[in-house]
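Close look at the chain arrangement
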Amino acid sequence: MNETTMLVNESHPLPLNWQPDDLVDLWKVQPRHYLLYPRPTRLSECAADAANGLFEQAEREGFDDFMVLSAFRDSDYQAGLFADSPNGYVARPGCSEHQTGLAMDIAQFGRGMALDDAHAAWLTENCWEHGFIVRYPEGREDVTGIPAEPWHLRYVGRDAAMEMRERGWVLEEWHGAHGMV
Ligand SMILES: [Zn+2]
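What comes next is a walk through the structure. (Residues numbered from 1 in each chain as written. Predicted model: local features only at pLDDT ≥ 70, side-chain atom pairs only at ≥ 80, totals over all residues. Heavy atoms only, no water.)

**Side note on the nonpolar core**
Formed by 32 residues in total, the largest nonpolar core has its most connected members in Phe55 and Met104. For this core, the secondary structure elements donating two or more residues are α1 (45-60), β4 (66-70), β5 (103-108), α3 (118-126), β6 (132-136) and β7 (149-155). A total of seven residues in this core trace back to one element, the largest contributor, which is α1. The residues contacting Met104, other than those within four sequence positions of it, are Leu43, Ala51, Leu54, Phe55, Val68, Ser70, Ala71, His98, Phe132, Trp151, His152 and Leu153. Counting residues in each nonpolar core, the second largest holds nine residues, with Leu7, Trp128, Val156 and Ala160 among its members. (Core = buried A, V, L, I, M, F, W, Y, C linked by side-chain atoms within 4.5 Å. Buried < 20%, exposed > 50% of the residue type's maximum accessible area, 1.4 Å probe, protein only. Helix = DSSP H or I, 4+ residues; strand = E, 2+ residues; numbered from the N terminus. Contact = heavy atoms within 4.5 Å.)

**Regarding the packing of aromatic side chains**
The geometry of an aromatic ring pair comes down to the distance between the two centres and the angle between the two planes. Overall, the coordinates contain six aromatic pairs when judged by the stated rule. Considering the side-chain rings of Phe55 and Phe66, the 5.3 Å spacing of their centres and the 45 degrees angle between planes classify their relative orientation as tilted. Here Phe55 is found in helix α1, whereas its partner Phe66 is found in strand β4, with 11 residues between them in sequence. Owing to a relative accessible area of 1%, Phe55 belongs among the buried residues under this scheme. Here Phe132 and Tyr155 contribute two aromatic rings whose centre-to-centre distance is 5.4 Å and whose plane-to-plane angle is 70 degrees, an arrangement assigned as edge-to-face. A residue pair is termed long-range when its members are at least 10 positions apart, and Phe132 in strand β6 and Tyr155 in strand β7 qualify at 23 residues. Tyr155 matches Phe132 in its accessibility class, with the two residues each being buried. (Phe/Tyr/Trp six-rings, centres within 6.5 Å; stacked < 30°, edge-to-face > 60°.)

**Some details on the coordination of the zinc ion**
Only His98 (NE2), Asp105 (OD) and His152 (ND1) from the protein reach the zinc ion as donors, at distances of 2.0 to 2.1 Å. Along the chain, the residues that donate to the zinc ion are spaced as H-x6-D-x46-H. Taken as a pair, His98 in the loop between α2 (75-84) and β5 and His152 in strand β7 lie far apart in primary sequence, 54 residues in all. Note on His152: relative accessible area 2%, which makes it buried. (Donors = N, O, S within 2.8 Å, 3.2 Å for Na, K, Ca; no water.)

Written out as structure tokens, the structure is:
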């Protein structure tokens, strides 16, 4: 269950009480190559390490103002977001990737993240080398069931990320191809 490629969506929910056992407090990461929104922020260890590598590269290439807005969310927290959401775009408790500890929402500090931003393009181009995918890409809503979210990165490990990039697959298709759904 704690595999980096685990699939979580509306038809593959997690048990509500499930949570990763290796959460890292991102506020304690030193040196840390990204900004944090002022609230407790945790990721699974592999995703936390990979994120720091990703943003270290970003910093070197002039993108030094990425901010992690939200990472691990337990099902209680997700239930609050779901209840407060007027538009139905927030996943039901148990169906959010944020419960895996492998997903994070990114912004450019002070700006957020839109599909045509240079920051979003940089992430799409470079995140796979660090084992991340843009989980809900534009134009793949038919498979993911989720409107494009350029800010939502998901750690899947480098091999899976590279395969998805080469084949143009989203995670549901990767699971289908590997006979895991
Ligand atoms: Zn997200």
